[in-house]
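The residues making up each chain are set out below.
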Amino acid sequence: MRVRGLFRNSVLMLGFVFLYAPIVSMIFFSFNNSRLVTVWDAVNSPTLKWYVVLFKNEAILGAAWLSIKIAALSASGAVVLGTLAGLSLARFGKFRGRALLSVMITAPLVMPEVITGLSMLLLFVALEQLTGWPEGRGILTIIFAHITFSMAYVTVVVQSRLASFDCSLEEVALDLGARPVTVFWRITLPIIFPAVLSGWLLAFTLSWDDVVISQFVSGPGSTTLPMIVYSKVRLGVSPDINALASVMLLIVALCVVLSTYYIKRIEQRRVAEALMVRSEEL
Amino acid sequence: MGGVCLFILAVVQSSGPLTVNGRRIVIAWPFIWLLLFFIIPFLIVFKISFSEARLAIPPVAPLFEWVSSTKNFVLTLSFNNYLFLFSDALYINTFFYSIKVAAVSTFWCLLLGYPMAYAISRADPVRRNLYLMLIILPFWTSFLLRVYAWVGLLKTDGLINNFLLNLRLIDEPLTLLYTDFAVYVGIVYSYLPFMILPLYSNLEKHDLSLLEAADDLGAHPITAFFKITLPLSISGIVAGSLLVFIPAVGEFVIPSLLGRSDQLMIGTVLTNEFFSNRDWPVASAVAIALLLFLLAPIKIFQYYQDRETEAAL
């Protein structure tokens, strides 16, 4: 038994070192004075000068703001469509077109990004030729593309949440004469809210992170942060990118911790309420 | 376009009793959206892969053309793009190289991910959540920047070489960056959570009393693992492996940052054809060929995905 425990712990240690060593080294060298990213200048380090360089870079700040806006809008769109799709697949049993819908949900999860990017761009070009919309490519086309590939992830999250709840509550409400829309807002949505929230966060990160699809469907004046980062890192390492990575990591870590805490609190409150209702019944 | 959506909605709405109606509206929105932005784009790519390239905006000759001299429509179907792909050794070579890279990376991902998923699923429940959180956390941070981090580690004067030189394990720096090895590391690193999570959700559901029974009957733990745990986790292995393999074949960012410059992957070739050569038909043909190859793996993945959700229902 102890041998097995040892094996498990060393496997996990090894795996986590592999996962975190690159990230830690990136943060470490963001405080390095030298322009040579990997040579530690012990005399003048640690320094915050790359952070100063970063926060003076108008192009990066502007692109970051644009990326936040695109990610928030496309995550919101993806959450609405993804929740509807998840609801259809988990609750509506067999309906015509179910097989096609489930293919259209699963395929984007694994589709290579270059294919999605190319096909979206060709769609927008064809649409523009036919209808005059969209006029050129830019922020709007990026948002549409991001909604399309991230709604599949929201669907999977929402669907698995719905699957773990039996529908008796919803059925009771329907039997008592509540309208389906009311049942959705008063019962289903509160139940799946943690999944909807984590779906939104997932869609936000997917959009915030995307470089390949954006590259295809963006136009002049709609350069997102990952596109700038990509063109910079292709030319080699530069310390202000390390600083950017550290800032982003800090924000992401904060958001993940806060949202996990928040989702947990909602869950706990719900369990407490359920227990109270049950004790009143008794 | 909004008009089209409303029209389809009206058609969908106009039949059936009320509750069914409501359901149809719920289904219609994601359905129409995906039809318009996921299925139709593929049809357009398919169409353009049979077109001729020309110097215009957009740089594609139409398939149907009104010829005023003969006063009728002319359909020009061109298989040249596909013939070009199969006659040029560069494309075939790139294609096989991409498959090889994806397969090797998937193998290493599985070899690293399986023991991790196993260890997490057998840890005590409090720690389990912490471990899962630690697996998912890097996934929330920028993929691009995590790949970039490896440039700093693998460079000739990078951390790994400096470390090995200081330990005097090597006399001169190894060439790690811009090699196949670097691409494998990048893919395994970026896709590891995709391997671990399906495996974990499978391994976590195993009935441990089976292993106890095997132990009682005198089976060695290793025998029990190969006879019970491994066969039970096949669906997790398949799902995880395909979740890594399929996107990895078309990977673009990782090989362009860490990979060789003399051997491209198919994703890079597609992008180059499109942006540098502005040859949209050939780029489309590459995309269709890649998609046809991936159709079978996608179908298998779909099968296991459905089975998992059906089991949950």
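These numbers come from a predicted model, not from an experiment. (Residues numbered from 1 in each chain as written. Chains lettered and ligands numbered in written order. Predicted model: local features only at pLDDT ≥ 70, side-chain atom pairs only at ≥ 80, totals over all residues. Heavy atoms only, no water.)

With respect to the layout of surface pockets
The cut-off we apply is this: Only protein atoms enter the 1 Å grid, on which a cavity is a set of points fitting a 1.4 Å probe that cannot get out and a pocket is an open set with protein on both sides within 12 Å along at least 5 of 7 lines, lining residues being those with an atom within 4 Å of a point. Grid points are joined across faces, edges and corners, and a volume is the space filled by probe spheres set on the points. A run of DSSP states H or I qualifies as a helix once it reaches four residues; a run of E qualifies as a strand once it reaches two. Both are numbered from the N-terminal end.
Approximately 830 Å³ is the volume found for the second largest pocket. Those elements giving two or more residues to the lining of the second largest pocket turn out to be α3 (58–91), α7 (168–175) and α8 (180–209) of chain A together with α2 (18–48) of chain B.

Let's talk about the packing of aromatic side chains
To describe a pair of aromatic rings, you give the distance between the ring centres and the angle between the ring planes. Here is the rule we go by: Ring pairs are drawn from Phe, Tyr and Trp, using the six-membered ring of Trp, whenever the two centres fall within 6.5 Å, and their geometry is named by plane angle: stacked under 30 degrees, edge-to-face over 60, tilted for the rest.
Tallied over the entire structure, the rule returns 29 aromatic pairs over all chains. Ring geometry for Tyr230(A) against Phe252(B): centres 6.0 Å apart, planes inclined by 45°, an arrangement best described as tilted. Residue Tyr230(A) is found in helix α10 (residues 225–233), and its partner Phe252(B) is found in the loop between α11 (234–249) and α12 (253–258); the two belong to separate chains. Ring geometry for Phe225(B) versus Phe226(B): centroids 5.2 Å apart, planes at 85°, classification edge-to-face. Ring pairs connect the aromatic residues Phe124(A), Phe144(A), Trp33(B) and Phe37(B), which therefore count as one cluster.

Side note on the environment of Val114(A)
What counts is decided by this rule: Summary of the burial criterion: residues with accessible area below 20% of their type's maximum are buried, those above 50% are exposed, and those between are partly exposed, where the area comes from a 1.4 Å probe applied to protein chains only. We call two residues in contact whenever any of their non-hydrogen atoms come within 4.5 Å of each other.
Tracing the backbone through its elements, the reader meets Val114(A) in helix α5 (residues 113–131). Note on Val114(A): relative accessible area 0%, which makes it buried. Sequence-wise, Val114(A) and Ile213(A) are 99 residues apart; in three dimensions their C-alpha atoms are separated by 6.8 Å. Excluding its chain neighbours within four sequence positions, the residues that come into contact with Val114(A) are Val212(A), Phe216(A), Gly250(B), Phe252(B), Gly267(B), Leu270(B) and Thr271(B).

Examining the confidence of the model for chain B
Residue and element names in this part refer to chain B. For clarity, the cut-off: pLDDT is defined as a per-residue confidence score from the predictor, taking values between 0 and 100.
Summary statistics for chain B give a mean pLDDT of 84 and a share of 89% for residues scoring 70 or more. Here helix α1 (residues 2–13) stands out as the least confident element of chain B, with mean pLDDT 45; helix α4 (residues 89–121) is the most confident, with 94. The low-confidence segment residues 1–18, where pLDDT is below 50, has 15 contacts with residues more than four positions distant or belonging to other chains. Both confidence scores are given for the complex: pTM 0.87, ipTM 0.86.

Notes on the packing of helix α6 (residues 139–163) of chain A against α8(A)
Residue and element names in this part refer to chain A. Selection rule: Each axis is a line fitted through C-alpha atoms, taken for helices only over the stretch in contact, and angles between the N-to-C directions span 0 to 180 degrees. With respect to orientation, any angle under 35 degrees is reported as roughly parallel, any angle over 145 as roughly antiparallel, any angle of 65 to 115 as roughly perpendicular, and every other angle as oblique. Put simply, a crossing is left-handed when the front helix is turned counterclockwise from the back one by less than a right angle, and right-handed when it is turned clockwise. Gly counts as polar in this scheme, as do all residues outside two lists: the nonpolar Ala, Val, Leu, Ile, Met, Phe, Trp, Tyr, Cys and Pro, and the charged Asp, Glu, Lys and Arg.
At a minimum axis distance of 8 Å, the contact between α6 and α8 shows a crossing angle of 150°. One way to sum up the angle between α6 and α8 is to call them roughly antiparallel. α8 is crossed by α6, and the crossing has right-handed handedness. For the pair α6 and α8, the contacting residues are His146, Phe149, Ser150, Tyr153, Val154, Val157, Val158, Arg161 and Leu162 in the first and Thr188, Ile191, Ile192, Pro194, Ala195, Val196, Ser198, Gly199, Leu202, Ala203, Leu206 and Ser207 in the second. Looking at side-chain class alone, the contact of α6 with α8 contains 14 nonpolar, 6 polar and 1 charged residues.

Considering the pattern of salt bridges
The cut-off we apply is this: Between Lys or Arg on one side and Asp or Glu on the other, a salt bridge is scored when a side-chain nitrogen of the former is within 4 Å of a carboxyl oxygen of the latter.
With the rule as written, the count across this model stands at 7 salt bridges over all chains. Salt-bridge contacts for Arg137(A) lead to Glu128(A); the nearest nitrogen and oxygen are separated by 3.6 Å. Judged by its relative accessible area of 28%, Glu128(A) falls in the partly exposed class. Across the pair Asp180(B) and Arg260(B) runs a salt bridge, and its minimum N-O distance is 3.1 Å. In this pair, Asp180(B) is assigned in helix α8 (residues 180–203) and Arg260(B) in the loop between α12 and α13 (266–275), connecting sequence segments 80 residues apart. In this structure Arg260(B) comes out as partly exposed when scored by relative accessible area, which is 27%. Within the structure, one salt-bridge network assembled from shared partners comprises Lys100(B), Asp180(B), Arg260(B) and Asp262(B).

Details of the interface of chain A and chain B
Note the following rule: As a working definition, buried area equals the accessible area (1.4 Å probe) given up by two parts on being put together, with both sides summed. In the analysis that follows, any N or O atom pair within 3.5 Å is treated as a polar contact, provided that within protein one partner can donate a hydrogen and the other can accept it, and provided that, for residues neighboring in sequence, both atoms belong to side chains.
Listed as interface residues are 85 residues of chain A and, on the opposing side, 90 residues of chain B. Carbon and sulfur atoms supply 81% of the area that chain A and chain B bury against each other, a total of about 8,100 Å² over both sides. Our count for the chain A to chain B interface comes out at 0 salt bridges. Our enumeration of links across chain A and chain B arrives at 9 residue pairs in polar contact (both at pLDDT 80 or more). With 14 residues, the top contributor of residues to the side of chain A that touches chain B is helix α1 (residues 2–29) of chain A. Each residue belonging to the side of chain A that touches chain B can be placed in one class, and the counts come to 61 nonpolar, 17 polar and 7 charged.

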